[in-house]
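# Commentary on secondary and tertiary structure
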Amino acid sequence: MINSRLLRQFIAVAEELHYGRAAVRAGIAQSPLSQAIQKLEALIGTPLFVRNKRSVALTPAGTVFLEEAYQWLRYEEVAIQRTLAASGGETGQLAIGFIGSVGYGFMPELINRFRQQYPQVRLRVVEMTTKDQLEQIQGRALDVGMLRTPLPAGAPQIQTRFYKRDALVVALPKGHALADRKRIDLRQLAGESFVAFSKEKVPAAHAQLISVCAAAGFYPNIEQECSQVASVICLIAAGLSVALVSGNLTSLIHPKVCYVPISNRTPYLDQEVSLAWRRNDANPALLSLLEVARTLETAPAKR
């Protein structure tokens, strides 16, 4: 079997064209070196050198094999370098999920910083609900997710770490009577029709709406439910409803939607976004992403 040691011995003879000097360079005696070349020729099935008492020369086949030997060893070196880089989290691949609201602030910030530090890691980034992220992380289709916490019960294989906190704002149709306010008291929304995130697909966001409104003294009149941020904004633009959405979305400019801060300091107003991944996942690229995220994290706000 041809191996890298045999190739290096062949290259020494091919470059020196002298068995004595090649043996010194290869660090073995001349006789074992000559035997190694004979073994190589037998493995390939053709002479690589023309030998006589006065000289050594490459055959045409030997000249071709010399170029291939160089390339072979280059591949070996690259393979080792890439393997070491992968073990250090510098290469590899990651599948990342994110909820729609973080796509307008938190997610681009993290991905951009990670790509700057680890440009060789291949990323697949997909928007999906918290529920779908949990299922795909457990099913190994995702490596890490950016989702709302706390998580529902029944995800013991998932580890989470707080990443950012984001206060809710009111999203209103442009022509709404409250659209020009600098701040809105939640009690002013008691008679409004709400578009909510799906109770089934986005349970944490749905429950948060109920809790925030209950703390303000009313139960929201939910007329529409959606799973995606874009759908919520479209329904508001159509004038059908109002919504409580992540403050991140203020960067999502829509000509028929406006965002107004909430004046109340009621409980449950803040949205907690965390990173989630499989417990004991030793993917070096994942560990690198978590370290980059750690440098960007904001400590939870004190109440």
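Everything below is about the structure shown above.
Bear in mind the structure is a predicted one, so any value in this text is a computation, not a measurement.

A word on helix α9 (residues 284-296). The first and last C-alpha atoms of α9 sit 19 Å apart over 13 residues, in line with the 18 Å expected at 1.5 Å per residue. For α9, the full list of buried residues reads A285, L286, S288, L289, L290, V292, A293 and L296.

Our focus in this paragraph is the packing of helix α1 (residues 4-16) against helix α2 (residues 19-26). Following both chains from N to C, one finds α1 and α2 inclined at 140°, their axes separated by 8 Å at the closest point. Comparing the axis directions of α1 and α2 gives the class oblique. Both α1 and α2 take part in a crossing whose hand is right-handed. Across the interface between the two elements, Q9, I11, A12, V13, E15 and E16 of α1 pack against Y19, R21, A22, R25 and A26 of α2. Split into classes, the residues belonging to the contact of α1 with α2 amount to 6 nonpolar, 1 polar and 4 charged.

With 5 of its 5 residues buried, strand β7 (residues 193-197) lies for the most part within the structure. Side chains of β7 alternate between two faces, with S193, V195 and F197 and F194 and A196 buried alike. As paired elements, β7 and strand β8 (residues 221-226) share 5 bridges and run parallel to each other. Bridging from a neighbouring strand, A196 pairs with E225 of β8. Taken together, β7, helix α7 (residues 203-215) and β8 constitute a β-α-β crossover, and its handedness is right-handed.

Our focus in this paragraph is the pattern of salt bridges. Here the idea is simple: oppositely charged side chains can pair when their charged atoms come close. Evaluation of the coordinates by the stated rule reveals 12 salt bridges. Salt-bridge contacts for E200 lead to K131; the nearest nitrogen and oxygen are separated by 3.9 Å. Of this pair, E200 sits in the loop between β7 and α7 while K131 sits in helix α6 (residues 130-138), and the two are 69 residues apart along the sequence. For R294, the salt bridge identified is with E291, shortest N-O distance 2.7 Å. With R294 and E291 both in helix α9, this residue pair falls 3 residues apart, about one helical turn. For E291, a relative accessible area of 37% corresponds to the partly exposed category.

About the criteria used
- What you see as residue numbers is a count from 1 along each chain, following the sequence as written.
- Since the coordinates come from a predicted model, pLDDT governs what is reported: local features require at least 70, and pairs of side-chain atoms require 80 or more to be given and counted, while whole-chain, interface and lining totals use all residues.
- With hydrogens and water stripped out, all remaining heavy atoms of the structure feed into the side-chain values.
- In DSSP terms, a helix is any run of H or I states spanning at least four residues, a strand is any run of E spanning at least two, and both are numbered starting from the N terminus.
- Here the expected span of a helix is defined as 1.5 Å times the quantity of residues minus one.
- The cut-offs for exposure are 20% and 50% of the maximum accessible area for each residue type, with area from a 1.4 Å probe on protein chains only; residues under the lower value are buried, those over the upper are exposed, and the others partly exposed.
- An axis is simply a line fitted to the C-alpha atoms; with a helix, the fit covers only the stretch in contact. Between two such axes, the angle follows the N-to-C directions and lies from 0 to 180 degrees.
- An angle below 35 degrees is treated as roughly parallel, one above 145 as roughly antiparallel, one from 65 to 115 as roughly perpendicular, and anything else as oblique.
- By convention the crossing between two helices is left-handed if the near helix lies anticlockwise of the far one by an angle smaller than a right angle, and right-handed if it lies clockwise.
- Contacts between residues were defined by any pair of non-hydrogen atoms, one from each residue, lying within 4.5 Å.
- Classes in brief: Ala, Val, Leu, Ile, Met, Phe, Trp, Tyr, Cys and Pro nonpolar; Asp, Glu, Lys and Arg charged; the others, Gly included, polar.
- Criterion used throughout: strands pair if DSSP finds at least two bridges between them.
- When the strands point away from the viewer, a crossover counts as right-handed if the path from the first strand over the helix to the second runs clockwise.
- We define a salt bridge as a contact between a side-chain nitrogen of Lys or Arg and a carboxyl oxygen of Asp or Glu at a distance within 4 Å.

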